[in-house]
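One letter stands for each residue in the lines below.
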Amino acid sequence: MPELPEVETVMRGLAARLEGRTIRLARIHRPDLRWPFPAGLAARLTGAHVLGFRRRGKYILMRLAGGESVLIHLGMSGRMVITPCGANTVPAHEHLTLETEEGWRIGFVDPRRFGCVDLLATAAEDAHRLLAGLGPEPLEAAFTPAVLEAALAGRITPIKAALLDQRTVAGLGNIYVCEALFRAGLSPRRLAHTVAGAAVRRLVPAIQATLTEAIAAGGSSLRDYVQPSGELGYFQHAWKVYGREGEACEQCPGPPGCTGIARIVQSGRSTFYCRRMQR
DNA sequence: CAAGAATCCTGTCAGC
DNA sequence: TGCTGACAGGATTCTT
């Protein structure tokens, strides 16, 4: 899916067109994504005034006047497409359409339909069942090596799997976990509880730098992710290991001994890493 | 309780 | 060109 940097980029794109504006019209084109849309969603969005946005992990929260917020998750293939109003046809897999009074059309497109939309009370946002269990925000000050070390303590699972678990830290996905572990020089196969001390002091800044640089690049554009404006993020060109099976590791001194970037499968998902530089 | 597998869904790509 | 199977950014739910 869109991981934290992509979600942050999408949220900023939405804020630029929606913050302080009024939704003139909302339409739903099917009854559900992962779960049914909340009852009366289109009617409750139509005429709503948007106060602002925030992100929690991979979730976007759109705060409305009147005390309600809209929770949006992009799932694996979700994206927001912002275009001028005009066309009457609904693009393929566009499940929710918003139109602003300024003439912008915001479409939530999600072919695989793993995304979701919900309505909740703004005052109780963090108590929502999908947000309540999330770990710390990796780019906030509260995410320290001591905090991560405590979250990893006693866990008998590869560090790769532990970091993908949103209860450990919120917002990382397959790509950025691979990239952050490479940056920290840690093997994705290491058991989570062994990542302590100096290792976790390398890992926290590695996660933060990876995410910060990716956000600055507008995220990574894969097949079905683009920024709301239609521009492409370009962080995919900065990947050091993800999708680079067999290529030389740029940190390795080179042969002899450099076997290139390996791809393994952990809990059903591809992991890319350098066996030599990541221990 | 914790960890891993199965599952939801559609599109794309490699290989035949 | 067309078919088939593997695989894809996620996270819940089900099994061990």
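Residues numbered from 1 in each chain as written. Chains lettered and ligands numbered in written order. Predicted model: local features only at pLDDT ≥ 70, side-chain atom pairs only at ≥ 80, totals over all residues.

Re unusual backbone geometry
Positive phi, normally seen in glycine, also occurs at H93, with a value near 65°. In this fold, H93 is placed in the loop between β5 (79-84) and β6 (94-100). Look at S267: it is not a glycine, yet its phi comes out positive at around 40°. The topology assignment puts S267 in the loop between β9 (261-266) and β10 (269-274). (Helix = DSSP H or I, 4+ residues; strand = E, 2+ residues; numbered from the N terminus.)

Some points on the sheet that holds strand β3 (residues 59-64)
The strand order across the open sheet built from four strands is β2-β3-β4-β8, with neighbouring strands paired in antiparallel fashion. Edge strands, defined here as strands with exactly one partner in the open sheet, are β2 (50-56) and β8 (116-121). Within the sheet, the average angular offset between the axes of one strand and its neighbour, ignoring direction, is 20°. Across six bridges, the pairing between strand β4 (residues 68-73) and β8 is antiparallel. By the bridge assignment, S69 is partnered in β8 with L120. Helix α1 (residues 4-18) contacts β2 and β3 of the sheet and is inclined by roughly 175° relative to β2. (Pairing = 2+ DSSP bridges. Axes fitted to C-alpha atoms, helices over the stretch in contact; angles between N-to-C directions. Contact = placed C-beta atoms within 7 Å.)

Points about the domain arrangement of chain A
The assigned domain composition of chain A is domain 1 (4-127) and domain 2 (145-274). When each unit is reduced to the centre of its C-alpha atoms, the spacing between domain 1 and domain 2 is 29 Å. Taken together, the contact between domain 1 and domain 2 spans 17 residues of the former and 19 residues of the latter. Those elements giving two or more residues to the side of domain 1 that touches domain 2 turn out to be α1 and β5. Looking at the side of domain 1 that touches domain 2 element by element, the count peaks at eight residues for α1. Residues that form the side of domain 1 that touches domain 2 fall into these classes: eight nonpolar, four polar and five charged. (Domains from an automatic or database assignment. Nonpolar A, V, L, I, M, F, W, Y, C, P; charged D, E, K, R; others polar.)

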